[in-house]
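So you can see what is in the structure, the chains are spelled out below.
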Amino acid sequence: MWDYTDKVKEHFLKPRNAGEVQDANAVGEVGSMACGDALKLTLKVDEKGKIEDAKFQTFGCASAIASASALTEMIKGKNLQEAEKITNQDIADFLGGLPKEKMHCSVLGRQALEAALANFKGEALKEQEGKIVCECFGVTDLEIERTVRENNLTTVEEVTDYTKAGGGCESCHDTIREIIARVREEELPAVRPKLSNIQKIRKIEETIESEIRPSLQQDGGDIELIDVIGNRVLVATRGACAVCKASEITMKSLVEAKLHEFVSQELVVEEVKE
Amino acid sequence: MTTVYMDNNATSQVAPEVLEAMLPYFHDLYGNPSSAHTFGGQVAHNIREAREQVADLLGAASPEEIIFTSCGSESDNTAIMSALHTEEGKNHIVTSRVEHPAVKVLYGHLGKNGYSATEIPVDKEGRLDMDRYKESLSQDTAIVSLMWANNETGAIFPVEEAAQLTKSRDILFHTDAVQSAGKIPIDLKNSSIDMLSISGHKLHAPKGVGVLYVRKGTRYAPFLIGGHQEHGRRGGTENVASIIGLGKACELAGKHMKDENTRVRALRDKLEQGILARVPSSRVNGGGSERLPNTSNISFESVEGEAILLLMDEFGICASSGSACTSGSLQPSHVLRAMGVPFTMAHGSIRFSLSIYNTEEEVDFVIEKVPPIIQKLRDLSPFWKPEGQVCASGT
């Protein structure tokens, strides 16, 4: 038996807003009977863009019914901009969480909402333009990509729990793996944009001025930028630093560290003796 | 809230007589049957009695053909793996598309490990395609494993006829009789079946004990290797109390066989007809097949099984569903899919499985409670139209 929260059970046993809004001006229908769950969301949006009424019809299990009931509660009285921001995780959170195998019920809710809002605006749904990856459940690459990104998914199993994709004949598992890898790659920490030479030199000067010189000057020393050749930063030390035996260490520990932090990891500092 | 238990194909209550027979083996008679002293040795004597009781229910020629195991799955695995050992060189194995996971998943595993597995299809009523079955048998076939009765629909396979076809071809024949033992007569001494599995907890014995019948003279290799227990055919100290319980349960099942096939069958039929008459667009899966007397698998169009189960649960009614959501897989039961049950029906399937402990009042209670539950869910469903027709675009 599934471990449902009391809130899920409550929304399943006493669904809120079941039925159809008679004078609906936004309708979203997602899922299918073949897939095992389907949701039809009907909304009445007033002239100010506020969701005045919302009702649902669900074919599906307890958590599908509860997710749809929860969704209608969440969006009633909201304006369209607020409603647009609701994610599947928000629906699951509203219900105090869903078993992971049932997360697709919350995704179904988010999809229905999106479909209804697109219907209101007279737009086509972006996800539907994608290429079908999972033939069994009719899930597109765009839908998988989006769910992986929004829910930070890392395995095929998770993708199946959230979208159903891969839960049938399993022949699309390799493709799902590729999509996960692609999304994960995008999300690697952004590489600092490459600087032009002028920008690089300017940043080095700024960093020396604001981050390095003050501390050297405290010790009666100073530093001067001589040249930048590629990633080689040629500097000369002045004052106390010039005669200090530890100056080489100063270079490595302070100057280079600061330049790495504020400019680029690739810089190598060299001291020029004049 | 009282429990109305109609999920006996999942597990059954331990019969009070069975529990009573078992209790002494936890305190007074706790000896090891392998011990040399009288205290332990007497237990071995009682296990022999239990073996005879099981042999009687199965109509086995000798109690020595009974091997006690830990469960039905162990019995199934032992039989199939034994055949692969003794029939070394043969690479073909045969089964049906509707087997219990204990066989189905094992066959799938073997299929990935060098064996060629044939799954015989069934028709829309769950009947085995005997022509395809005959065609599938070859010189290279090591074993056929076909369930006697289906756990989801109760549909009965003609296992005796199927076993005879293997005899002339020197192919081993195993049947998973977990659901049929105790519900329909079995007479192994006049049979061509080589190996047969049963499970204690399906016939009012406890969980954790099963039996593998191996016909005398059948080539056999043990699965669980260890001590000399079960004549060296299954290592491990005997689960004494449960074995005694299983023996008693088999004796009781023999006595109740008539009741099962008359009174329980009548209750099942009343339940089925009562629900079908009150719920439009519902049907029995496998109803056209010869069936177990206790099982009814009913599909309700345009609703989903897990939701039905949870609403029935509010009234204490226990049953099962072949819907995707119940199992945690995403597709409805492989049995219903093999039978070609349309998806509009497959997702909304409920299995009721009765036992001798069910009463007519319970059946009436379920007949009263189920129709409004289905109606409630249909009112929520976008596919259900008041006139009772499924939306044409419901794909």
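### Brief notes about the overall build of chain A
Moving on, step 1. A tally of regular secondary structure across chain A gives eleven helices and eight strands.
Moving on, step 2. Radius of gyration (C-alpha) of chain A: 29 Å, far over the 19 Å computed for a compact globule of 274 residues.
Moving on, step 3. Sorting the 274 residues of chain A into buried and exposed places 40% on the buried side.

### Topic: the overall build of chain B
Moving on, step 1. From N to C terminus, chain B includes 14 helices and 13 strands.
Moving on, step 2. A compact globule built from 395 residues should have a C-alpha radius of gyration of about 21 Å, and chain B, at 22 Å, falls within 12% of that.
Moving on, step 3. Across its three principal axes, chain B shows a C-alpha extent of roughly 75 × 50 × 35 Å.
Moving on, step 4. Counting only residues that meet the buried cut, chain B has 54% of its 395 residues in that class.
Moving on, step 5. Restricting to contacts in chain B with at least 6 residues of sequence separation, those with at least 24 account for 72%.

### Digging into the domain arrangement of chain A
All names here are of chain A.
Moving on, step 1. Looking at chain A, the domain boundaries give domain 1 (1–123), domain 2 (126–188) and domain 3 (197–271).
Moving on, step 2. Taken over C-alpha atoms, the centre of domain 1 sits 22 Å from the centre of domain 2.
Moving on, step 3. Opposite the eight residues of domain 1 that make contact, domain 2 presents eight residues.
Moving on, step 4. The leading source of residues in the side of domain 1 that touches domain 2 is helix 5 (residues 103–121), at three residues.
Moving on, step 5. A class-by-class count of the residues in the side of domain 1 that touches domain 2 yields three nonpolar, three polar and two charged.

### Looking at the interface of chain B and chain A
Moving on, step 1. If you look at the interface, chain B gives 20 residues, while chain A gives 20 residues.
Moving on, step 2. At the level of secondary structure, the elements contributing two or more residues to the side of chain B that touches chain A comprise helix 10 (305–313), helix 11 (324–327) and helix 13 (343–346) of chain B.
Moving on, step 3. Its residues assigned to classes, the side of chain B that touches chain A comprises nine nonpolar, nine polar and two charged.

### Some words on the nonpolar core
Moving on, step 1. Ala62 and Ala165 of chain A together with Ala307 and Ile308 of chain B are the most contacted members of the largest nonpolar core, which totals 87 residues.
Moving on, step 2. Setting aside residues no more than four positions away along its own chain, Ala62 of chain A makes contact with Tyr4, Val8 and Phe12 of chain A together with Glu306, Ala307 and Leu310 of chain B.
Moving on, step 3. Residues Ala15, Ile66, Met195 and Val335 of chain B belong to the second largest nonpolar core, which totals 81 residues.

### Details of the pairing of strand 6 (residues 172–176) of chain B
Residues and elements named next belong to chain B.
Moving on, step 1. Counting buried positions over the five residues of strand 6 gives five, a clear majority of the element.
Moving on, step 2. Judged by which residues are buried, strand 6 turns out to be covered on both faces: Leu172, His174 and Asp176 on one side and Phe173 and Thr175 on the other are all buried.
Moving on, step 3. This β-α-β element, strand 5 (residues 141–147) to helix 7 (residues 159–167) to strand 6, shows right-handed connectivity.

### What to know about the sheet that holds strand 7 (residues 195–199) of chain B
All names here are of chain B.
Moving on, step 1. Spatially, 2-8-7-6-5-3-4 is the arrangement adopted by the seven strands of the open sheet, whose pairing is mixed. With one partner strand each, in any of the chains shown, strand 2 (66–69) and strand 4 (116–120) form the two edges of the open sheet. If you compare each strand with its neighbour and ignore which way they point, the axes differ by 20° on average.
Moving on, step 2. The sheet contact formed by strand 2 and strand 8 (residues 210–214) spans four bridges and is antiparallel. Directly across from Thr69, in strand 8, lies its bridge partner Gly210.

### Structural notes on the domain arrangement of chain B
Moving on, step 1. For chain B, the assigned domains are domain 1 (4–9 + 256–379) and domain 2 (16–253).
Moving on, step 2. Distance from the C-alpha centre of domain 1 of chain B to the C-alpha centre of domain 2 of chain B: 28 Å.

### What about helix 14 (residues 360–380) of chain B?
Moving on, step 1. With 21 residues, helix 14 of chain B should cover 30 Å at 1.5 Å per step; its first-to-last C-alpha distance of 31 Å lies within 8% of that length.
Moving on, step 2. Within helix 14 of chain B, burial applies to Glu362, Val363, Val366, Val370, Ile373, Ile374, Leu377, Arg378 and Leu380 of chain B.

### A closer look at unusual backbone geometry
Moving on, step 1. The phi dihedral of Glu170 of chain A falls on the positive side, at around 70°, and the residue is not glycine.
Moving on, step 2. Note on placement: Glu170 of chain A falls in the loop between helix 7 (156–163) and helix 8 (173–186).
Moving on, step 3. Located in the positive-phi region is His204 of chain B, a residue other than glycine, with phi close to 70°.
Moving on, step 4. Position of His204 of chain B among the secondary structure elements: in the loop between strand 7 and strand 8.

### Brief notes about the environment of Glu158 of chain A
Moving on, step 1. One can find Glu158 of chain A in helix 7.
Moving on, step 2. Separated by 76 residues in the primary sequence, Glu158 of chain A and Leu234 of chain A have C-alpha atoms spaced 52 Å apart.

### As for the sheet that holds strand 6 (residues 221–229) of chain A
Within a sheet, adjacent strands bond to each other through the backbone by hydrogen bonds, running parallel or antiparallel.
Residues and elements named next belong to chain A.
Moving on, step 1. With mixed pairing, the three strands of this open sheet are ordered in space as 6-7-8. The outermost strands of the open sheet, each flanked by one partner alone, are strand 6 and strand 8 (268–271). Neighbour-to-neighbour, the strand axes of the sheet open up by a mean angle of 35°, direction not taken into account.
Moving on, step 2. Looking at chain direction, strand 7 (residues 232–239) and strand 8 are connected through four bridges and run parallel. Residue pairing for strand 8: Arg232 is matched across the bridge by Val268.
Moving on, step 3. Along the sheet face, helix 9 (residues 197–218) touches strand 6 and strand 7 and points at about 165° away from the line of strand 6.

### Quick look at helix 10 of chain B
Moving on, step 1. Across the nine residues of helix 10 of chain B, eight count as buried, placing the element largely inside the fold.
Moving on, step 2. Inspection of helix 10 of chain B places Gly305, Glu306, Ala307, Ile308, Leu309, Leu310, Leu311 and Met312 of chain B among the buried residues, and these make up the whole buried set.

### Notes on the packing of helix 9 (residues 240–278) of chain B against helix 14 of chain B
Residues and elements named next belong to chain B.
Moving on, step 1. It is the contact of helix 9 with helix 14, at a shortest axis distance of 9 Å, that shows an interaxial angle of 20°. Considering the angle they form, helix 9 stands roughly parallel to helix 14. The two elements helix 9 and helix 14 meet at a crossing, and its hand is right-handed. The residues of helix 14 that touch helix 9, namely those facing Leu267, Lys270, Leu271, Gly274, Ile275 and Arg278, are Glu360, Val363, Val366, Ile367, Val370 and Pro371.
Moving on, step 2. Residues that form the contact of helix 9 with helix 14 fall into these classes: eight nonpolar, one polar and three charged.

### Re the environment of Ala346 of chain B
Residues and elements named next belong to chain B.
Moving on, step 1. Tracing the backbone shows Ala346 in helix 13.
Moving on, step 2. A residue is classified by how many C-beta atoms lie within 10 Å of it, and Ala346, with 25 of them, is buried.
Moving on, step 3. Taking the C-alpha atoms as reference points, Ala346 and Glu304, 42 residues apart in sequence, are found 8.6 Å from one another.
Moving on, step 4. With sequence-adjacent residues up to four places away left out, Ala346 is seen in contact with Ser299, Gly322, Pro332, Leu336, Arg337 and Val341.

### A look at the environment of Val27 of chain A
All names here are of chain A.
Moving on, step 1. With respect to the helices, strands and loops of the structure, Val27 is situated in strand 1 (residues 26–32).
Moving on, step 2. C-beta crowding within 10 Å serves as the criterion here: with 16 such atoms nearby, Val27 is assigned to the partly exposed category.
Moving on, step 3. Along the chain, Val27 and Phe120 lie 93 residues apart, while their C-alpha atoms are 7.4 Å from each other.
Moving on, step 4. When sequence neighbours within four positions are dropped, the list of residues in contact with Val27 reads Thr42, Ala116 and Asn119.

Reading guide: rules and limits
Residues numbered from 1 in each chain as written. Chains lettered and ligands numbered in written order. Predicted model: local features only at pLDDT ≥ 70, side-chain atom pairs only at ≥ 80, totals over all residues. Helix = DSSP H or I, 4+ residues; strand = E, 2+ residues; numbered from the N terminus. Rg over C-alpha atoms; globule rule 2.2 N^0.38 Å. Buried ≥ 20, exposed ≤ 12 C-beta atoms within 10 Å, placed from the backbone. Contact = placed C-beta atoms within 7 Å. Domains from an automatic or database assignment. Nonpolar A, V, L, I, M, F, W, Y, C, P; charged D, E, K, R; others polar. Core = buried A, V, L, I, M, F, W, Y, C linked by C-beta atoms within 7 Å. Right-handed = clockwise from strand over helix to strand, strands pointing away. Pairing = 2+ DSSP bridges. Axes fitted to C-alpha atoms, helices over the stretch in contact; angles between N-to-C directions. Expected span 1.5 Å × (residues − 1). Parallel < 35°, antiparallel > 145°, perpendicular 65-115°, else oblique. Left-handed = near helix turned anticlockwise from the far one by under 90°.

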